[in-house]
Amino acid sequence: MAFTPHGANEVRAVVDAAPGRRLIDITSNHNVPMTRPADLAAIILDLVRDRAAASARNVD
């Protein structure tokens, strides 16, 4: 999805509003799961791994 400069700033503000959020850049059309399934799967796995690693570091 192409953002206008104003729209991109709004999205960035939402992402920056809470810790642990990140904005992922992926070039596709409106149907990312069908057009870029491997890329989407890699993004999801990366996010899950990061969350798991963060949880493991926070265990007392």
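The rules behind each value
Residues numbered from 1 in each chain as written. Predicted model: local features only at pLDDT ≥ 70, side-chain atom pairs only at ≥ 80, totals over all residues. Heavy atoms only, no water. Helix = DSSP H or I, 4+ residues; strand = E, 2+ residues; numbered from the N terminus. Buried < 20%, exposed > 50% of the residue type's maximum accessible area, 1.4 Å probe, protein only. Areas by Shrake-Rupley, 256 points an atom, 1.4 Å probe, with all protein chains shown as cover. Salt bridge = Lys/Arg side-chain N within 4 Å of Asp/Glu carboxyl O. pLDDT = per-residue confidence, 0-100.

Focus on the overall build of the protein
Alright, step 1. The secondary structure content of the protein amounts to three helices and zero strands.
Alright, step 2. Reading the helices (α) and strands (β) of the protein from amino to carboxyl end gives α-α-α.
Alright, step 3. With 60 residues in all, the protein has 5% of them scored as buried.
Alright, step 4. When the accessible surface of the protein is totalled, it reaches about 5000 Å², and 61% of it is carbon and sulfur.

Here we look at the pattern of salt bridges
Alright, step 1. Per the counting criterion, the structure on display carries four salt bridges.
Alright, step 2. Here Asp 50 makes a salt bridge to Arg 22, at a shortest N to O gap of 2.4 Å. Of this pair, Asp 50 sits in helix α3 (residues 37-57) while Arg 22 sits in the loop between α1 (5-16) and α2 (32-35), and the two are 28 residues apart along the sequence.
Alright, step 3. On the basis of relative accessible area, Asp 50 is assigned to the partly exposed category, the value being 33%.
Alright, step 4. Of the residues examined, Arg 22 reaches a relative accessible area of 36% and is grouped as partly exposed.

Description of the confidence of the model for the protein
As a note on interpretation, predicted positions should not be read in detail where pLDDT is low.
Alright, step 1. Residues at a pLDDT of 70 or more form 88% of the protein, whose mean pLDDT is 85.
Alright, step 2. Between the elements of the protein, mean pLDDT differs from a low of 86, seen in α1, to a high of 91, seen in α3.

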